[in-house]
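Descriptive structure summary
Take a look at the letters that make up each chain.
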Amino acid sequence: MLIREVLSGRWKLLLLVSAVAIVVPPSAAGSFKLPYFLLCGLALIPLAQITAELVDRLVHRVGERLGGLLNVTLGNLLELVIALTALKSGLYDLVVLSIAGAVITNSLLVLGVSTIVAGRRELVVDLNRHSRGLSTRQLLISVILMSVPSIFFWDSMHPITEGSNVFDLFAVYSLIVAGIVMLAYLLSYLYQLGTHRGLFAVERVRAEGSASSESQGSMLAIVGVLVLVALAIAGVSEHLVAGLEDLVQGSAVTPLFVGMLLLPLFSAIPEALVAFRAASRGRMALAMASTVESSVQLMLFVLPVLVLLGPLMGRFLHLTFPPQALACLGATAFAVHWVTEGDSLTWYQGLLLLSIYAALFVGALLLKPII
């Protein structure tokens, strides 16, 4: 019944595109590299729409706070699959650029649009002071942590690499710090949901204790369908990364622009749809979770997980970013913290976030080194 309801939506015809993207391998694209990449990106849209609808149903059953946490985790599943596929192929720069791009897209583009949408309902949109403060500070701290290698290599003649097939001192450093960062991130949920849960409480859409056995069955059905959709997303994502690799090699578009800004436009679709829907309904806490908290999870959990899983594939991902990406991340973290520090938002502040994103987008596209 649930599957029938989901597939009866207006996105059902686009699922044919998703099926084509899963079945057709990148090698069959031939000279049509850009159309194939766009096809894979388009194929993610109906899958992301289904994910957003299912997460929205789940939020009504478990509450906005837990629902937001679940949405963040499910939304980043796509990014993790893409990054693992790229890491397995040894595309270290693509891994870190895609994560940086996802953070920039979520925190500037998606949050900016969500703020404008929410601003149409209310003149001033209030935020939870504690959850807002924690997430924006975590984002700032994550950028500081990623800048540590750049500090120690400041005067070095050797450029910092994003990864290596050799187990060197940089790999050891990355593994140790990844473990520390991931532990600190996990303990933040003990802080939010345990010792200080009262500070982060928000109004729930539906009380957890009132769930009936019918609702529990519905939850199991929702989770089951989410797993199926995740498998479909994994298939499309694998071809998307392969198409991206061919696109970079066969065109004049820089890897920085494609990896940091073009690819995240597609991978951020699940978070964007949930955030826009939440903002239009006045649930800005869920919108913040889908954008800023999602970015925090990417930096403090997904990236360390990739570092720790890399040795199993013979790949040693370094816990660092290229200088351009690091600068863009720093600007993003600072802008989000500054714009939201008053614990309230207006449509104009959303416009400011969009203007920063537009400047970064155009700069990455047009400002290329002269060789």
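Residues numbered from 1 in each chain as written. Predicted model: local features only at pLDDT ≥ 70, side-chain atom pairs only at ≥ 80, totals over all residues. Heavy atoms only, no water.

Okay, the overall build of the chain next. Within the chain, the regular secondary structure consists of 13 helices and four strands. Within the span of the chain, comprising 371 residues, buried residues form 51% of the whole. Contacts in the chain between residues far apart in sequence, at least 24 positions, make up 86% of those at least 6 positions apart. When the accessible surface of the chain is summed, it comes to about 16800 Å², and 69% of that surface belongs to carbon and sulfur atoms. (Helix = DSSP H or I, 4+ residues; strand = E, 2+ residues; numbered from the N terminus. Buried < 20%, exposed > 50% of the residue type's maximum accessible area, 1.4 Å probe, protein only. Contact = heavy atoms within 4.5 Å. Areas by Shrake-Rupley, 256 points an atom, 1.4 Å probe, with all protein chains shown as cover.)

Quick look at the side chain of Gln297 now. Among the structural elements, Gln297 can be located in helix 11 (residues 284–309). In this structure the side chain of Gln297 is engaged in a polar contact, spanning 3.3 Å, whose partner is the side chain of Tyr185. Discounting residues that sit within four places of it in the chain, Gln297 has contacts with Val72, Thr73, Asn76, Tyr185, Tyr189 and Val302. (Polar contact = N/O pair within 3.5 Å; in protein donor to acceptor, adjacent residues only side chain to side chain.)

Contact pair helix 9 (residues 255–267) / helix 13 (residues 347–366): the axes reach a minimum separation of 9 Å and the direction vectors enclose 130°. As summarised for this structure, helix 9 and helix 13 are arranged oblique, according to the angle between their axes. Viewed along their axes, helix 9 and helix 13 form a crossing whose handedness is left-handed. Residue-level inspection shows Phe257, Leu261 and Leu265 of helix 9 in contact with helix 13, the latter providing Tyr357, Leu360, Phe361, Ala364 and Leu365. Grouping the amino acids of the contact of helix 9 with helix 13 by side-chain chemistry returns eight nonpolar, no polar and no charged. (Axes fitted to C-alpha atoms, helices over the stretch in contact; angles between N-to-C directions. Parallel < 35°, antiparallel > 145°, perpendicular 65-115°, else oblique. Left-handed = near helix turned anticlockwise from the far one by under 90°. Nonpolar A, V, L, I, M, F, W, Y, C, P; charged D, E, K, R; others polar.)

What follows covers helix 7 (residues 169–195). Taking 1.5 Å as the rise per residue, helix 7 with 27 residues should run 39 Å; its terminal C-alpha atoms sit 37 Å apart, in good agreement. Within the sequence span of helix 7, burial applies to Phe170, Ala171, Ser174, Val177, Ala178, Val181, Met182, Tyr185, Ser188, Tyr189 and Gln192. (Expected span 1.5 Å × (residues − 1).)

All buried positions along helix 2 (residues 15–23) are accounted for by Leu15, Val17, Ser18 and Ala21. All buried residues of helix 2 lie within an arc of 150° about the axis, which places them on one face of the element. Opposite the buried face of helix 2, at more than 90 degrees from it, the exposed residues are Leu16 and Val23. (Arc of directions from axis to C-beta.)

This part is about the confidence of the model for the chain. For the chain, the average pLDDT comes to 82, and 87% of its residues sit at 70 or higher. Per-element confidence in the chain ranges from a low mean pLDDT of 64 for helix 1 (residues 2–7) to a high of 94 for helix 13. Here residues 203–217 is a poorly scored stretch, pLDDT under 50, and it has 22 contacts once near neighbours within four places are set aside; other chains count. (pLDDT = per-residue confidence, 0-100.)

Here the structure, examined in full by the defined rule, presents one salt bridge. The residue Arg132 makes a salt bridge to Asp343 at a minimum N-O spacing of 3.0 Å. Of this pair, Arg132 sits in helix 6 (residues 129–152) while Asp343 is found in the loop between helix 12 (323–340) and strand 4 (344–345), placing the two residues 211 residues apart along the sequence. On the accessibility criterion, Asp343 (17% relative accessible area) is buried. (Salt bridge = Lys/Arg side-chain N within 4 Å of Asp/Glu carboxyl O.)

What follows deals with the packing of aromatic side chains. Taken as a whole and judged by the stated rule, the model has seven aromatic pairs. Look at Phe257 and Phe361: their rings are 5.0 Å apart centre to centre, the planes differ by 75°, and that puts the pair in the edge-to-face class. Note that Phe257 is positioned in helix 9 and Phe361 in helix 13, a separation of 104 residues in sequence. With centroids separated by 6.0 Å and ring planes inclined at 40°, the aromatic side chains of Tyr357 and Phe361 adopt a geometry described as tilted. Linking Tyr357 with Phe361, this pair stays in helix 13, spanning four residues, or about one helical turn. Under the relative-accessibility criterion, Tyr357 is labelled buried at 7%. (Phe/Tyr/Trp six-rings, centres within 6.5 Å; stacked < 30°, edge-to-face > 60°.)

With that settled, consider the packing of helix 5 (residues 92–119) against helix 10 (residues 269–280). The interhelical angle for the contact between helix 5 and helix 10, taken along N-to-C directions, is 25°, at an axis separation of 8 Å. Here helix 5 lies roughly parallel to helix 10, going by the angle between them. Along this stretch, helix 5 crosses helix 10, giving a crossing that reads as right-handed. Contact with helix 5, carried on its side by Asn106, Val110, Val113, Ser114, Val117 and Ala118, involves Glu271, Ala272, Ala275, Phe276, Ala279 and Ser280 of helix 10 and no other residues of that element. The class makeup of the residues in the contact of helix 5 with helix 10 is eight nonpolar, three polar and one charged.

Structurally, Ser164 is set in strand 2 (residues 163–164). Once you skip the residues sitting within four places of it in the chain, Ser164 turns out to touch Tyr92, Arg315, Phe316 and His318.

So, about the nonpolar core. In this structure, Met284, Leu317 and Phe321 are the most contacted members of the largest nonpolar core, which totals 97 residues. The leading source of residues in this core is helix 5, at 14 residues. Those residues in contact with Leu317, other than ones at most four positions away along the chain, are Leu87, Tyr92, Val95, Val96, Glu162, Gly163, Ser174, Leu303, Leu306 and Val307. (Core = buried A, V, L, I, M, F, W, Y, C linked by side-chain atoms within 4.5 Å.)

Together, Val223, Val227, Leu228 and Leu231 make up a nonpolar patch on the protein surface, roughly 370 Å² of accessible area in all. Along the chain, the position of Val227 falls in helix 8 (residues 213–249). Exposure remark for Val227: the relative accessible area of 45% places this residue in the partly exposed category. (Patch = residues over 30% accessible without salt bridge, like charges linked within 9 Å, V, L, I, M, F, W, Y side chains within 5 Å.)

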